[in-house]
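Chain by chain, the residues run as shown.
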Amino acid sequence: MSKDGGIPKGYMTVGEIAKKMGTTVRTLQYYDKEGLLSPSSESQGGRRLYTDKDMIKLHQILSLKSLGFSLEDIRDKLVSLDTPAEVAHVLTEQAASIREKMKSLLESLEAVEGLKAEVLQMQSVDFKKYADIIVNLRMKNEFYWLIKHFDESTLEHIRGHFDKESGLAFIDMFNRLSDEAIQYQEDNILPESHKGQAFAKKYWDMIMEFTGGDMSMLPKLMEFSEKPVGLDNKWKEKQNSAERFIKPALGAYFIALGYDPLGEGTK
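These remarks concern the structure in this document. Here, residues in each chain are numbered from 1, in the same order as that chain's written sequence. Given that the model is predicted, a residue must reach a pLDDT of at least 70 before its local features are reported, and side-chain atom pairs must reach 80 or more before they are shown or counted; all residues, however, enter totals for whole chains, interfaces and linings. Heavy atoms from the whole structure form the basis of all side-chain values; hydrogens and water molecules are not counted.

Looking at where Thr51 falls in the secondary structure, it is placed in the loop between strand E5 (48–50) and helix H3 (52–66). Classification of Thr51 by relative accessible area gives buried; the value is 16%. In this description, contact between two residues means that some pair of their heavy atoms is separated by no more than 4.5 Å. Discounting chain neighbours no more than four positions away, the residues touching Thr51 are Gly10, Tyr11, Met12 and Ser40. The way it works is that DSSP assigns letters per residue, a run of H or I at least four long becomes a helix, a run of E at least two long becomes a strand, and they are numbered from the N terminus. Only protein chains enter the accessibility calculation, which uses a 1.4 Å probe; a residue whose area is less than 20% of its type maximum is buried, one above 50% is exposed, and one in between is partly exposed.

Written out as structure tokens, the structure is:
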């Protein structure tokens, strides 16, 4: 039995399948040319005919295309779909790809929302800082909001001395040392003790790594650490707690070295 003037039952014309799947005849012709999806048959009049199986395969192609896969990648992912196991495998892979895309889209949304919040707080248009914030959001640096509190010369220094990998490594070191300072204080470790002084050396080495030995940056860092407003309260509270150990530990360390790094004289 046939339908529509000679189209066998169970088959669709290129126009019909295109309409059902929300695509175009030209797209289907292109997929045929590229070897992604060829019609299962032809009518006596030479019309391209597709089956329900072809429609499932087309759905797979369109889904992968919407997820950003190239036609070459899609070609590698296509399977025959001859058994339930093959169909299930394809659907499992497709679901995983969709979840990955959802995760990426959610991260992009969070970056946009984060940038919007920072822009409103900055009260001025500064595209360089916007760019820095976006880069750090994409790096998943939870302290991206600190950027708006640095002046331009400090930001230029950071841009010139740190890439993604070294920047994240530095942040990790800073957090670990802050946690260590808080723990030492809770354990009643004296700042001038051997442990306290070993800590002070590590902390001072970290500061020197950040500044690149440029001592003129130290007053700016001190001013930043003592900034009374605008910083995240939880972060500021943690740093205040850490500094109750860090400051006396560094003070004892500088006395032992016999010089004041801020140029206030030797002790």
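With that settled, consider unusual backbone geometry. The backbone phi angle of Asn188 is positive, close to 60°, even though this residue is not glycine. Assessed through its relative accessible area of 65%, Asn188 is described here as exposed.

Phe199, Tyr203, Ile246 and Leu250 are the most contacted members of the largest nonpolar core, which has 21 residues in total. If we ignore the near neighbours within four places in the chain, the residues touching Phe199 are Leu177, Glu180, Ala181, Tyr184, Phe245 and Ile246. Judged by nonpolar contacts, the second largest core, of 16 residues, contains Ala18, Tyr31, Met55 and Leu58. Here, nonpolar core means buried Ala, Val, Leu, Ile, Met, Phe, Trp, Tyr and Cys residues that are tied together by side-chain atoms lying within 4.5 Å of each other.

Axis definition: a line fit to C-alpha positions, over the contact stretch in the case of helices; interaxial angles, taken between N-to-C directions, run 0 to 180 degrees. Direction vectors running N to C along helix H1 (residues 14–21) and H3 enclose 50°, while the axes themselves pass 11 Å from each other. Regarding the angle of H1 to H3, the classification is oblique. The handedness of the crossing between H1 and H3 is right-handed. Along the contact surface, H1 presents Ile17, Lys20 and Met21, while H3 presents Asp54, Met55, Leu58, His59 and Leu62. These descriptions rest on fixed angle ranges, namely under 35 degrees for roughly parallel, over 145 for roughly antiparallel, 65 to 115 for roughly perpendicular, and the rest for oblique. In a left-handed crossing the near helix is turned counterclockwise from the far helix by less than a right angle, and in a right-handed crossing that turn is clockwise.

Taking strand neighbours across the sheet as the criterion, the three strands line up as E3-E5-E4 in an open arrangement whose pairing is antiparallel. Only two strands of the sheet have a single neighbouring strand rather than two, namely strand E3 (12–13) and strand E4 (41–42). Sheet topology places E3 next to E5; two bridges connect them, and they run antiparallel. Its bridge partner lying in E5, Thr13 is registered against Leu49. Strands are treated as partners if at least two bridges between them are detected by DSSP.

The next point concerns the pattern of salt bridges. Salt bridge, as applied in this entry: a Lys or Arg side-chain nitrogen positioned within 4 Å of an Asp or Glu carboxyl oxygen. Counted by the stated rule, this structure contains four salt bridges. Here Asp179 and Lys238 are joined by a salt bridge, their closest N and O atoms 2.8 Å apart. Of this pair, Asp179 sits in helix H8 (residues 164–186) while Lys238 sits in helix H11 (residues 233–257), and the two are 59 residues apart along the sequence. Among the salt bridges present, the one from Glu180 reaches Lys202, with a minimum N-O distance of 3.1 Å. Of this pair, Glu180 sits in helix H8 while Lys202 sits in helix H9 (residues 194–211); the two residues are 22 residues apart in sequence, bridging distant segments of the chain. With a relative accessible area of 40%, Lys202 lands in the partly exposed category.

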